[in-house]
Amino acid sequence: MTFPTATAPASPGTVPAAPAPRVQHRANLQGLRGVAVLLVVVFHVWTEKVSGGVDVFFVLSAFLLTGSFLRRIEHGRPLGLPAYWARTFARLLGPVAVMLLAVLAGMLAVFPPSRWAELLSQAWGSLFYVVNWVLAAQAVDYYAGNTAATTPLQHMWSLSVQGQVFLVWPLLLAGAAWAGRRTGAGVRPVAWAVFGAVCAGSLAWSVAATASGPEAAYFSTLTRLWEFALGSLTALALTRPARRQDAPAPAAPSSAARTVAPPSAGTAPGTPQQGLGTLPQAPGAAPEALRVGLGVVLGWTGLAAILATPFLIGPEARFPGTVALAPTLGAAAVLAGGALAPEARAGAGRVLSLAPLQWFGDRAYGIYLWHWPLLITYLLVTARDSVPVTHGLGILAASVALTRVTALLLAGWRALPGIRAGHGVRLAATGLVVAVPLTGAHSYTTLRDPAAGVERTAANYPGAAVLRGDVTEVPDVPIIPTGAEREQQWGDTGTRCDTGEVPAGIGELGNCWVIAPEDSTAPDRTLVVLGDSHAQQLLTPIHRAADAQGWRVVSYLRMACRYTAASTSPDEECSEFNAAARDAALAADPDAVVTIGTLSLPEAPHEQLVEGYEDGVRPFLDAGIPVLGFRDNPRFPFSMFACVETYGPDHDRCNPPRSESLLPVNPLEALAARHEKLHSIDLTDRLCTEDVCPGVIGNIQVYMDLDHVTSAYGETLAPDVEQRMTDALGWA
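Reading the values: rules and limits
Along every chain, residues carry numbers that run from 1 in the direction the sequence is written. Given that the model is predicted, a residue must reach a pLDDT of at least 70 before its local features are reported, and side-chain atom pairs must reach 80 or more before they are shown or counted; all residues, however, enter totals for whole chains, interfaces and linings. Side-chain calculation: all heavy atoms of the structure are included, whereas hydrogens and water are not. Note on patches: the residues involved have over 30% relative accessible area and no salt bridge, like charges join within 9 Å, and the nonpolar side chains Val, Leu, Ile, Met, Phe, Trp and Tyr join within 5 Å. For the area figures, the Shrake-Rupley method with a 1.4 Å probe applies, and any residue is considered shielded solely by the protein chains shown. Salt bridges are defined by distance alone: a side-chain nitrogen of Lys or Arg within 4 Å of a carboxyl oxygen of Asp or Glu. Going along the chain from the N terminus, every DSSP run of H or I of four or more residues is numbered as a helix, and every run of E of two or more is numbered as a strand. The length a helix should cover is 1.5 Å for every residue beyond the first. Whether a residue is buried, partly exposed or exposed follows from its accessible area with a 1.4 Å probe, protein chains only, as a fraction of its type maximum: under 20%, in between, or over 50%, in that order. Whether two residues touch is decided by their heavy atoms; if any such pair falls within 4.5 Å, the residues are in contact. Axis angles are defined between N-to-C directions and span 0 to 180 degrees, where every axis is a line fitted to C-alpha atoms and, for a helix, only to the segment in contact. Here is the rule for angles: anything less than 35 degrees is roughly parallel, anything more than 145 is roughly antiparallel, 65 through 115 is roughly perpendicular, and the remaining ranges are oblique. Ten residues, namely Ala, Val, Leu, Ile, Met, Phe, Trp, Tyr, Cys and Pro, are considered nonpolar, four, namely Asp, Glu, Lys and Arg, are considered charged, and the remaining ones, Gly among them, are considered polar. Polar contacts, as used here, are pairs of N or O atoms within 3.5 Å; protein pairs need one atom able to donate a hydrogen and one able to accept it. Residues neighboring in sequence count only if both atoms are side-chain atoms. At least two bridges found by DSSP between two strands is the condition for calling them paired. Aromatic contacts are taken between Phe, Tyr and Trp rings whose centres are within 6.5 Å, Trp giving its six-membered ring; a plane angle under 30 degrees counts as stacked, one over 60 as edge-to-face, and the others as tilted. Placement of a charge over a ring requires the Lys NZ or Arg CZ to be within 6 Å of the ring centre, with the centre-to-atom vector within 35 degrees of the ring normal. Orient the strands so they point away from the viewer; a crossover is then right-handed if the path from the first strand over the helix to the second runs clockwise. Only buried Ala, Val, Leu, Ile, Met, Phe, Trp, Tyr and Cys residues count toward a nonpolar core, and they belong to the same one when joined by side-chain atoms within 4.5 Å.

> Describe a nonpolar patch on the surface, naming the residues involved and giving the relevant values.
Together, Phe 128, Val 130, Trp 133, Trp 205 and Leu 222 give the surface a local cluster of nonpolar side chains, amounting to about 520 Å² of exposed area. Locating Val 130 in the fold gives a position in the loop between α4 (116–127) and α5 (131–137).

Structural data, given as structure tokens:
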């Protein structure tokens, strides 16, 4: 996950500068990579928590990159930015390309077609290192965790952020070098100012953006720059300024110095890790014992902070914000501790140098690339919500195996004639190897559009007519509504009330809607609908009934505010709205009032009477106004729409048992039996079969999320709603 850079060769015709001194390899950095990737995998596979491991990688990336460029600048070596970018992205893109092609194959093989467009857009974003912005634009909720509805490329957001930093950071350092020469201050003071400003500004923005919009802020590069800036500041603090005229003889490397990180860990083959040596002790520095003691304390404190991060994140905590200070400052402390006391027997470096952590550190990039697509595909294929320990270990093992396979494939790829010509050629060729099949897949999915040419008729989309018994054979046509249409499924409310007709207290706290006869004739009857979004979704079939019967329907709605006695709701504004809606309905003296009388629950007991409902409707009953109390539709512990898109309409998960969705008997029936003018209307037999409550009925998605009926399905309920309302009120 971190990718140090090799020193660029001097350009032809330049005077060779003094060679940079060899520095010791810090095995604890490779071990820190191992810790970070294990944190990521463990908390991705077995929990829904953010581990902080990615934040450690961010700090390490900038630390290594900054140290490398500082040495080039201070030793008078050319930066060679085009060559650096070509070399870096050629190395990074190779494993990504293999993974993207595998995900593309898996998409066509096991993912439902409804998800292909989303996956392809993220694949393109991953190829060009901008998928974090794609995810932010799609309002993807990272905190939704590891579910099959998550995409197998969501983890690429962090590599996209790193890729963008690898483009910008060298420019900042080059600018600092230029400003340092122009002012005579040198590169380091300017770099301190630049990265200090980036760190402070980005952290402030991260805190503000995370508080206002955590989903988008999580993926934003701007909210993450401070983490990289912290790594750069750490590099500035832990490396000694070099002078061009210095030409020290290469130090005799220790056994640790001769250890070179393999390419899979991000270093160029055969390139010693630069800038990772021990912090030099200047004249007058603190005594050796104090320096070592401070290094030991910093190392262990930093490692403890990193390991504690996932346990510090509660259900309300949001990344990055201030919570990300724990893993990032922890990583900086580990770096400082290793520089101050590299050989301390009691230091954290001893643990980080252990062979298992070194082994995982060597393979960190590949493991990170492969673990997430494997995890999401596993959850999709098995329809599980969690991963058993043994299966999770299998995912980790498969990630390691695919890392090795990827390395072998890329070794063969780099050996091909033409590809060996240079990094730029390999980068372009690698991009084309992915872009061509992605283009083909995009064209295929566009041309394949199953909805094209399919008429949205009652014959093709019978919906509830199937449960009424009006239709016995359902045609094989694409399911509607599509994902793009989902947000337009909230119910046909009619038009907004004229400003002068909105009762007091309604406009300030909710909405007023009216459905009137289209020919402007006087309505035969007037109904008032009170409630929340579940009352709103009911307006689609009520609207059709009103059109057929010549009714006028006025609705007073506030989202997440079920109509009940004003004193019952713990939400003060909901109580005020319900009181205003009650008074407005009484003043209108309608022929009937429509409400939702029960409340469905995602878990047992599955439903209950709305608390305070009897007191809420009593004023209407006392005034002689009939009340229609509709039974609530089922509410599920997951999005039924996403379930159908993920697993398909026939999967058991998307057809939960009726006994686990609602009570055997409508709890409103007993209350209605005590009040002559209170009528219970139950549509359960049009939402569920005798055994299950399907996600799709008659080619129409029944639910737009976990509990709201789509307007498209509501259209097909119109005959049932009209008949049951008129029968209950004796208006037939």
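> Could you give an account of helix α15 (residues 389–414), naming the residues involved and the relevant values?
Taking 1.5 Å of rise per residue, 26 residues should cover 38 Å, and α15 covers 37 Å from first to last C-alpha, within 8% of that figure. Residues of α15 that are buried include every one of Gly 392, Ile 395, Leu 396, Ser 399, Val 400, Thr 403, Thr 406 and Leu 410, and no others. Taken together, the buried residues of α15 touch α1 (27–46), α3 (81–110), α13 (355–362) and α14 (364–382).

> Got a sec to walk through unusual backbone geometry? Specific residues and values, please.
With an omega of -5°, the peptide bond between Ile 480 and Pro 481 qualifies as cis. Tracing the sequence through the fold places Pro 481 in the loop between α17 (465–468) and β1 (495–496). Positive phi, normally seen in glycine, also occurs at Ala 560, with a value near 60°. Within the element layout of this structure, Ala 560 appears in the loop between β4 (551–557) and α20 (572–588). For Ala 560, a relative accessible area of 73% puts it in the exposed group.

> So what about the packing of α3 against α4? Which residues, and what values?
Packing of α3 against α4 brings their axes to within 11 Å, and their N-to-C directions diverge by 175°. Comparing their axes, α4 and α3 come out roughly antiparallel. Seen from α3, the contacting residues are Leu 93, Leu 100, Leu 104, Met 107 and Leu 108; seen from α4, they are Trp 116, Leu 119, Leu 120, Ala 123, Ser 126 and Leu 127. Split by residue class, the contact of α3 with α4 holds ten nonpolar, one polar and no charged.

> An account of the environment of Ser 661 is needed here, citing residue identities and associated values.
Among the structural elements, Ser 661 can be located in the loop between α22 (640–647) and α23 (668–674). Counting along the chain gives 54 residues from Ser 661 to Glu 607, while the straight-line C-alpha distance between them is 8.1 Å. Setting aside residues up to four positions removed in sequence, Ser 661 forms contacts with His 606, Pro 634, Phe 636, Pro 656 and Cys 693. Of the polar contacts made by the side chain of Ser 661, one reaches the backbone oxygen of Pro 657; its length is 3.0 Å.

> An account of helix α25 (residues 718–729) is requested, with residue identities and associated values reported.
Given a rise of 1.5 Å per residue, twelve residues ought to cover 16 Å, and the 16 Å separating the end C-alpha atoms of α25 matches this to within 8%. Note on α25: the residue one or two positions beyond its end, Gly 730, has a positive phi of about 70°.

> Pulling in residues and values, what's your account of the sheet that holds strand β3 (residues 525–531)?
The strand order across the open sheet formed by seven strands is β1-β2-β4-β3-β5-β8-β9, and the pairing between neighbours is mixed. Each edge of the open sheet is held by one strand with a lone partner, namely β1 and β9 (678–681). Both β3 and strand β5 (residues 592–596) contribute to a ladder of three bridges, which runs parallel. Bridging across to β5, Val 528 finds its partner in Val 593. Lying on the sheet, α20 is in contact with β2 (511–515), β3 and β4; it crosses β4 at an angle near 160°. The strands touched by α25 within the sheet are β3, β4, β5, β8 (627–630) and β9, with β8 carrying the most contacts at an inclination of about 140°.

> Tell me about the packing of aromatic side chains, and please be specific about residues and values.
Across all of its chains, the model carries 17 aromatic pairs by this definition. Summarising the aromatic geometry, the rings of Phe 69 and Tyr 84 are spaced 5.0 Å apart at their centres and angled 85° between planes, so their arrangement reads as edge-to-face. One end of the pair, Phe 69, is in helix α2 (residues 53–74); the other, Tyr 84, is in helix α3, with 15 residues separating them in the sequence. Among the residues examined, Phe 69 registers a relative accessible area of 0% and is labelled buried. Take Tyr 84: its relative accessible area is 1%, and that puts it in the buried class. With centroids separated by 6.1 Å and ring planes inclined at 40°, the aromatic side chains of Tyr 563 and Phe 620 adopt a geometry described as tilted. Here the residue Tyr 563 occupies a position in the loop between β4 and α20, and Phe 620 occupies one in helix α21 (residues 613–622), the gap between them amounting to 57 residues. Taken as a pair, Tyr 563 and Phe 620 share a single burial class, namely buried. Directly above the ring of Phe 69 sits Arg 72, whose terminal nitrogen or CZ lies 4.6 Å from the centroid.

> Let's hear about the pairing of β3: which residues, and what values?
Most of β3 sits inside the fold, with six of its seven residues counted as buried. Sheet topology places β3 next to β4; seven bridges connect them, and they run parallel. Opposite Gly 531, over in β4, you have Leu 557 as the bridge partner. Between the parallel elements β3 and β4, the chain passes through helix α19 (residues 533–549) in a crossover that is right-handed.

> Help me get a handle on the nonpolar core, residues and values and all.
Ranked by size, the top nonpolar core spans 159 residues in total, and within it Trp 169, Phe 630 and Met 725 carry the most contacts. When neighbours within four sequence positions are excluded, Trp 169 is seen to be in contact with Ala 62, Leu 65, Thr 66, Phe 195, Val 198, Leu 225, Phe 228, Ala 229 and Ser 232. Grouped together as the second largest cluster of nonpolar side chains are 29 residues, Cys 574, Ala 585, Tyr 613 and Leu 668 included.

> Kindly report on the environment of Glu 607, identifying the contributing residues and their values.
Structurally, the position occupied by Glu 607 is in strand β7 (residues 607–609). Taking C-alpha positions, Glu 607 is 8.1 Å from Pro 634, a pair spaced 27 residues apart along the chain. The contact partners of Glu 607, leaving out residues within four places of it in the chain, are Thr 598, Leu 599, Ser 600, Leu 601, Arg 631, Leu 662, Leu 663, Val 665 and Pro 667. Here the side chain of Glu 607 touches Leu 663 through a polar contact of 3.0 Å, landing on its backbone nitrogen.

Any link to function would need more than the numbers given here.
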